[in-house]
Amino acid sequence: LSIGNDPPQVTAVTPIVDAHEGEAAGIVRIEVSVEDSSDDVVTVAAEFDVQGDAPDEGWKPATGFGLTDVQVLSEGTTLDFFWDTDADLHDLERQVALRFTGTDSAPARGNTKESLVFRVDNNAAPIVQLDSGPLILNPDERRGIPIPFRVIDEEEDLVDVIFQWRREGEEFPS
């Protein structure tokens, strides 16, 4: 039996990740289930932790919206938190966990509930542009043919470029 105003309880945290890729990017929806015995208006604080970072930077506030001053029922309410991973993990690909803590007018904070670890991939794939002009204009079919190309990588990562060729009607080597 509970008398008075108990703090809200976060009961479940579910990051919505791409089922095919097994990762998330950009604005990520997180389902957060919260219960409050007094059906109060609550605010839920969101934090994230990069897994395996050295030195460990610990838990940091997660940039996002959807968990401020929301009505929560005693039988539970599922809320959507929209995490702006570009603001917190710009151009990075990392394993992360989130945690959520609810507060209302009760003097005590509610419990803290963590998500399972998941991957955030904000690292864009590089782009390779070929200049086909010299290939078309070069009559030499037996020796080295220059292949001018340009690599664009938004994050300026090191990029390996591998060229393969085949004759018409042949398969590319595996």
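What this report covers is the structure whose coordinates are included nearby. Predicted model, so just to flag it, every value in this text is computed and none were measured. (Residues numbered from 1 in each chain as written. Predicted model: local features only at pLDDT ≥ 70, side-chain atom pairs only at ≥ 80, totals over all residues. Heavy atoms only, no water.)

Residue placement: Val 161 occurs in the segment after β13 (149-152). With relative accessibility at 31%, the residue Val 161 sits in the partly exposed group. Note: C-alpha distance between Val 161 and Pro 126 (35 residues apart in sequence) is 10.0 Å. (Helix = DSSP H or I, 4+ residues; strand = E, 2+ residues; numbered from the N terminus. Buried < 20%, exposed > 50% of the residue type's maximum accessible area, 1.4 Å probe, protein only.)

Attention now goes to the sheet that holds strand β3 (residues 27-35). Read from one edge of the open sheet, 4 strands run β1-β3-β8-β6, paired in antiparallel fashion. Only two strands of the sheet have a single neighbouring strand rather than two, namely β1 (9-15) and β6 (64-65). Where β1 meets β3, 6 bridges bridge the pair, whose relative direction is antiparallel. Following the sheet pairing, Ala 12 is matched in β3 by Ser 33. (Pairing = 2+ DSSP bridges.)

Once that is clear, we can look at the side chain of Asp 104. Tracing the chain through its elements places Asp 104 in the loop between β9 (93-103) and β10 (112-114). One buried charged residue, Asp 104, remains without a salt bridge, the closest side chain of opposite sign being Arg 109 at 11 Å. Sequence-distant contacts of Asp 104, that is, excluding residues within four places in its chain, are made with Asn 5, Asp 6, Pro 7, Pro 8, Asp 36, Asp 40, Val 41 and Val 42. (Lys, Arg positive; Asp, Glu negative; His and termini not counted. Salt bridge = Lys/Arg side-chain N within 4 Å of Asp/Glu carboxyl O. Contact = heavy atoms within 4.5 Å.)

The subject of this paragraph is a nonpolar patch on the surface. A grouping of Val 128, Leu 130, Ile 145, Ile 147, Phe 149, Val 151, Val 161 and Phe 163 is seen on the molecular surface, where their side chains present a nonpolar patch of about 610 Å² in accessible area. Sorting the residues of the nonpolar patch by element identifies β12 (127-130) and β13 as the ones contributing at least two each. (Patch = residues over 30% accessible without salt bridge, like charges linked within 9 Å, V, L, I, M, F, W, Y side chains within 5 Å. Areas by Shrake-Rupley, 256 points an atom, 1.4 Å probe, with all protein chains shown as cover.)

Among the structural elements, Ile 145 can be located in the loop between α2 (133-137) and β13. C-alpha separation for the pair Ile 145 and Pro 134, spaced 11 residues apart in sequence, amounts to 8.2 Å.

Take the nonpolar core next. By size, the foremost hydrophobic cluster in this structure holds 25 residues, and its most contacted members are Ile 30, Phe 81, Trp 83 and Phe 100. Only β1, β3, β4 (41-50), β8 (77-84), β9 and β11 (118-121) provide two or more residues apiece to this core. For this core, the element with the highest residue contribution is β4, accounting for 5 residues. Setting aside chain neighbours within four positions, we find Phe 81 in contact with Val 28, Arg 29, Ile 30, Val 32, Ala 46, Ala 62, Thr 63, Gly 64, Phe 65, Leu 67 and Phe 100. (Core = buried A, V, L, I, M, F, W, Y, C linked by side-chain atoms within 4.5 Å.)

Moving on, we get to unusual backbone geometry. Of the consecutive residues Ala 54 and Pro 55, the connecting peptide bond is found in the cis state with omega at -5 degrees. For Pro 55, the position within the fold is in the loop between β4 and β5 (60-61). For Asp 69, which is not glycine, the phi torsion reads 50 degrees and is therefore positive. Assignment of secondary structure puts Asp 69 in the loop between β6 and β7 (70-71). Despite not being glycine, Asp 91 shows a phi value in the positive range, around 65 degrees.

Our next topic: the packing of aromatic side chains. For the structure on display, the rule yields 5 aromatic pairs. Aromatic side chains Phe 81 and Phe 100 sit 5.6 Å apart centroid to centroid with 75 degrees between the ring planes, which places their arrangement in the edge-to-face category. Pair noted here: Phe 81 is in strand β8 and Phe 100 is in strand β9, with a separation of 19 residues, a long-range link. Here Phe 81 and Phe 100 have matching classes, each one buried. (Phe/Tyr/Trp six-rings, centres within 6.5 Å; stacked < 30°, edge-to-face > 60°.)

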